[in-house]
2 protein chains.
Amino acid sequence: MAKFKLDEIDHQILDMLIENTRTPFTDIAKKLLISAGTVHVRVKKMEEAGIIIGSSLTLDYRKLGYSFIAYVGVYLQNTSQTKFVIERLNAIPFVTVAHITTGKFNIFCKVRAKDTQHAKEIIFRIDDIEGVSRTETMISLEESINDKKRLMHDIFNQL
Amino acid sequence: MAKFKLDEIDHQILDMLIENTRTPFTDIAKKLLISAGTVHVRVKKMEEAGIIIGSSLTLDYRKLGYSFIAYVGVYLQNTSQTKFVIERLNAIPFVTVAHITTGKFNIFCKVRAKDTQHAKEIIFRIDDIEGVSRTETMISLEESINDKKRLMHDIFNQL
DNA sequence: GGTGAAACTTCTAATAA
DNA sequence: TTATTAGAAGTTTCACC
């Protein structure tokens, strides 16, 4: 995967858009002392380059009644079953993230649920997938850090 | 945390905006056979209710040279150190997520890095935090599932 | 609640520098 | 690459259902 070169202006534009996707280009232009047209052209280029994949809303799932987060480590009987198990995981509602991993677990996933009862149902469905030998659940008591914006800063402040 | 009641229209609006935050309200209105003003008012209400917290860009960090993802389980010497350790974690660049958890680990975090060398530096910084007894790293070989959009569907298709 | 239209703001593409 | 500009498009408000 090729590394794409962004300059300071691109960085600032991304910074403002990461904070709020709907920031008007005119506002960005004013702040960076460039024209709105330039902002438009640069954003378009970053989209074409595939740097900007898309945009999404951040919702408060707790307010929708979904306050429960757990990470579930999955042990497989055999790694050849990985692809199959991922497919099955993908079909289980409320499994929002899954990674194939090295280390302790073969697959590692994130579950969002209403409460412990609801989470139990989801985790049991994971346990029941053919090829899963056992799972280990880590319940989140608090999401203490979750900061996309800072990652951008970290990337740009690297030497 | 109170549960907020969203109707089918709100749901559809969120669905379209989760897919692309910049979807014009006029497009949404056309599709849902309501007026753009209504879309505007409903979005504003969801923002005021705190359901919509904000919006953010989705970037391809691999294209920026950051292809490495790892999850790090942190064991503490004593849970009373949790708050302190979280603060320290927050000061380490490229630690993008951290949860306080029950189960195996006391704290669980996600690291985004350039490569294994870079990741090593970050993980060593985590190991060095006072109060951390040891860590366990799970390297992501593949992010197989990561779907916010589906979560919304799951929530709305619940009985 | 919702609508439709007016007033206002922003976007976008073409042209020019 | 960037700036300007002007027409197109989108947003937001408001009087009225």
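All values reported here derive from a predicted model rather than from experimental measurement. Starting afresh in each chain, residues are numbered from 1 along the sequence in its written order. Chain A is the first chain written and ligand 1 is the first ligand written, with later ones labelled in order. The model is predicted, so local features are restricted to residues of pLDDT at least 70 and side-chain atom pairs to those at 80 or more, both for listing and for counting; the totals for chains, interfaces and linings are taken over all residues. Calculation of side-chain values draws on the structure's entire complement of heavy atoms; hydrogens and water are dropped beforehand.

A look at the relation of the copies chain A and chain B
When the copies are overlaid, the least-squares fit takes in C-alpha atoms only where the residue has pLDDT of at least 70 in both copies. Superposing chain A onto chain B takes a rotation of 180° combined with a translation of 0.0 Å along the rotation axis, leaving an RMSD of 0.1 Å. Expressed as a symmetry operation, the mapping of one chain copy onto the other fits a two-fold axis. Closest approach to the rotation axis within chain A is made by the C-alpha atom of A:Ser56, at a distance of 2.8 Å. Mapped onto chain B, 100% of the interface residues of chain A again fall at the interface, so both copies present the same surface. Any pair of residues with heavy atoms lying within 4.5 Å of one another is described as a contacting pair.

Focus: the sheet that holds strand β3 (residues 95-101) of chain B
In this analysis, strands are considered paired if DSSP registers two or more bridges between them. Every helix listed is a DSSP run of H or I at least four residues long, and every strand listed is a run of E at least two residues long, numbered separately from the N terminus. One closed barrel accounts for eight strands, arranged β2(A)-β4(A)-β3(A)-β5(B)-β2(B)-β4(B)-β3(B)-β5(A); its pairing is antiparallel. This sheet shows a mean twist of 35° between the axes of neighbouring strands, independent of strand direction. Direction of pairing for strand β2 (residues 68-76) of chain B relative to strand β5 (residues 132-146) of chain B: antiparallel, over a ladder of seven bridges. Each residue of the ladder has a partner; that of B:Tyr75, found in β5(B), is B:Arg134. Orientation is described by lines fitted to C-alpha atoms, with helices fitted over the stretch in contact, and by angles between N-to-C directions that extend from 0 to 180 degrees.

Notes on the protein's contact with DNA strand D
Neighbouring DNA strand D are A:Arg22, A:Ile34, A:Ser35, A:Thr38, A:Arg42, A:Lys45, B:Pro24, B:Phe25, B:Thr26, B:His40 and B:Lys44. Each residue is tested against the molecule or strand, and it is near if at least one of its non-hydrogen atoms lies within 4 Å. Considering the 4 Å shell around the protein, atoms of DNA strand D inside it are sugar or phosphate in 86% of instances. Here a phosphate oxygen of DNA strand D and a side-chain polar atom of A:Arg22 are 3.1 Å apart. The backbone of B:Thr26 places a nitrogen or oxygen atom 3.4 Å from a phosphate oxygen of DNA strand D. Mapped onto the surface near DNA strand D, the elements with two or more residues apiece are α3 (36-48) of chain A together with α2 (25-32) and α3 (36-48) of chain B. By residue number, the principal contributor to the surface near DNA strand D is α3(A), which donates three residues. For this classification, Asp, Glu, Lys and Arg are treated as charged, while Ala, Val, Leu, Ile, Met, Phe, Trp, Tyr, Cys and Pro are nonpolar and the rest, including Gly, are polar. Considered class by class, the residues forming the surface near DNA strand D number three nonpolar, four polar and four charged. The term polar contact refers here to a pair of N or O atoms within 3.5 Å; inside protein, the definition further demands a hydrogen-donor-capable atom paired with an acceptor-capable atom, and it admits residues adjacent in sequence only when both atoms are side-chain atoms.

Examining the UniProt feature "domain: HTH asnC-type" (unreviewed entry) in chain A
In the numbering used here, UniProt assigns the "domain: HTH asnC-type" (unreviewed entry) feature to residues 6-67 of chain A. Between the first and last C-alpha atoms of residues 6-67 of chain A the distance is 38 Å; the span itself is 53% helix and 13% strand. UniProt positions are given in the numbering used here, feature names are shortened, and annotations may be inferred rather than shown by experiment.

Remarks on the interface of chain A and chain B
How big an interface is tends to be stated in terms of the accessible area lost upon association of its parts. Tallying the contact residues gives 75 residues for chain A and 75 residues for chain B. A simple way to read buried area is as the amount of 1.4 Å-probe accessible surface that goes missing from two parts once joined, with both sides added. Here chain A meets chain B over a buried area of about 7,200 Å², counting both sides, of which 60% is carbon and sulfur. Sorting the residues of chain A by area buried against chain B places A:Leu57, A:Lys63 and A:Ile145 first, and these three jointly supply 10% of that buried surface. Definition used for salt bridges: Asp or Glu carboxyl oxygen within 4 Å of a side-chain nitrogen of Lys or Arg. Across the contact surface, chain A and chain B share two salt bridges. Salt-bridge contacts for A:Glu136 lead to B:Lys104; the nearest nitrogen and oxygen are separated by 3.7 Å.

So, the packing of helix α2 (residues 25-32) of chain A against α3(A)
Residue and element names in this part refer to chain A. Contact geometry for α2 and α3: axes closest at 8 Å, N-to-C directions at 110°. Taken together, α2 and α3 sit at an angle that is classed as roughly perpendicular. In this structure, α2 uses Phe25, Thr26, Ile28 and Ala29 to contact α3, whose residues at the interface are Ala36, Val39, His40 and Val43. Here the residues of the contact of α2 with α3 sort into six nonpolar, two polar and no charged. An angle below 35 degrees is read as roughly parallel, one above 145 as roughly antiparallel, one from 65 to 115 as roughly perpendicular, and any other as oblique.

Remarks on the environment of A:Gly54
Residue placement: A:Gly54 occurs in strand β1 (residues 52-59). Relative accessibility under 20% of the residue-type maximum defines a buried residue, over 50% an exposed one, and the middle range a partly exposed one, all with a 1.4 Å probe and only protein chains included. On the accessibility criterion, A:Gly54 (21% relative accessible area) is partly exposed. Those residues within four positions of A:Gly54 in sequence are excluded, and the remaining contacts are B:Ser56, B:Leu57 and B:Thr58.

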